[in-house]
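# Coordinates in review
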Amino acid sequence: MTTEPLFSRDAEVIDGKAAAAVIVEEIRNAVLLEQVTPGLAVVLVGSDPASAVYVRNKANRARECGFFSRQIVLAATTSEDELLKIVSELNLDRAIHGILVQFPLPPQINSQHVIDAIDPEKDVDGFHYANAGRLAVGAAADALVPCTPLGALRLIKQACGPDLGGLHAVILGRSNIVGKQLANLLLLEHCTVSVVHSRTINPENICRQADILVAAVGVPRLVKGSWIKPGAVVIDVGINRVADDTRPGQSHLVGDVDFDEARTVAAAITPVPGGVGPMTIAMLLKNTLSVALRSRP
Ligand code: GUN
């Protein structure tokens, strides 16, 4: 008889960079094979340094895949009308198949007005009511599904296998971008889904019941080892910049999960950085390619 605990070893660290590289390679090959030039327009308003890095990465990766990539950078003082005019021009531009307006936007611009203005068939972020609604009623094949939840689902299947039926998925966070959409995706995969949020009583008790635990709340290292069921798959969507204790004046990125604690309990866990993040860009390119293929004459 063994006295060793069931999960005495460290969790498998799920390599999102490697998984994303495989998808990007598939996209590059599809572009060559199908002889299409998907067009992606990425719009940045203002000069938030983190957003500028995300936008540059998206545009560069698109170019590397043989896409036509337009990067539009606007002053932080841009009015809502000015931005809406640019969106309607992009809606009519036949060389553009995907439009992404980077969030957050400056306070004078209502984000929902911008989302509403994007042609739902070019809404590669999957934020438009039409796409969110399609996913919510189970018509995922007709929807453009948001990139981060799509990327998270890929990594969940990589860790758990293709059949997620009956597994209990607990999602921390109810945002329109991640939490609600991933809940709908996992329902379509026949998971039992719980959504834990800021008003949930005893969140750790619910998290401890999860076979699949997804953290998407933007609170650094919120999820402790004691919140995790031994053998669970943990997907960390958080990207939080925190001060570095060992290097004064420096900072680094951490997720919503206390990685060092979680890895001693979970069966598999995504790191930050290098987990869900790279998958988001890969899925953006995949969505843009699908629109380009769909809109061929
Ligand atoms: N800002 C942070 N994440 C996202 C995203 O997925 N899409 C857009 N448009 N902006 C973001």
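Look above for the structure.
Cut-offs used in this document
- Residues numbered from 1 in each chain as written.
- Predicted model: local features only at pLDDT ≥ 70, side-chain atom pairs only at ≥ 80, totals over all residues.
- Heavy atoms only, no water.
- Near = heavy atom within 4 Å.
- Polar contact = N/O pair within 3.5 Å; in protein donor to acceptor, adjacent residues only side chain to side chain.
- Areas by Shrake-Rupley, 256 points an atom, 1.4 Å probe, with all protein chains shown as cover.
- Nonpolar A, V, L, I, M, F, W, Y, C, P; charged D, E, K, R; others polar.
- Helix = DSSP H or I, 4+ residues; strand = E, 2+ residues; numbered from the N terminus.
- Expected span 1.5 Å × (residues − 1).
- Buried < 20%, exposed > 50% of the residue type's maximum accessible area, 1.4 Å probe, protein only.
- Arc of directions from axis to C-beta.
- Contact = heavy atoms within 4.5 Å.
- Core = buried A, V, L, I, M, F, W, Y, C linked by side-chain atoms within 4.5 Å.

### What about the site of the ligand?
The ligand sits among Leu100, Val101, Gln102, Phe103, Asp125 and Phe127. Residue Val101 places a main-chain N or O atom 2.8 Å away from a nitrogen atom belonging to the ligand. Protein contact buries 79% of the 270 Å² of open area that the ligand shows by itself. Taken together, the residues of the shell around the ligand break down into 4 nonpolar, 1 polar and 1 charged.

### Some thoughts on helix 3 (residues 80-92)
Taking 1.5 Å as the rise per residue, helix 3 with 13 residues should run 18 Å; its terminal C-alpha atoms sit 19 Å apart, in good agreement. Among all positions of helix 3, only Glu80, Leu83, Ile86, Val87, Leu90 and Asn91 are buried. The buried residues of helix 3 occupy one face: seen down the axis, they fall within an arc of 145 degrees. Within helix 3, the exposed residues directed more than 90 degrees away from the buried face are Asp81, Lys85 and Leu92. Lining the buried residues of helix 3 we find strand 2 (39-45), strand 3 (68-74), strand 4 (98-101) and helix 4 (111-117).

### Overview of the nonpolar core
What tends to happen in soluble globular proteins is that the nonpolar side chains get buried as a cluster. Of all hydrophobic cores here, the largest spans 53 residues; its most connected members are Ile27, Leu40, Phe67, Leu186, Val214, Ile235 and Leu285. At 9 residues, the largest contribution of residues to this core is made by helix 10 (residues 276-294). Other than its neighbours up to four places away in sequence, Leu186 contacts Leu153, Ile156, Leu164, Ala169, Ile171, Cys191 and Val193. Membership of the second largest hydrophobic core comes to 18 residues, among which are Cys207, Ala215, Ala232 and Val234.

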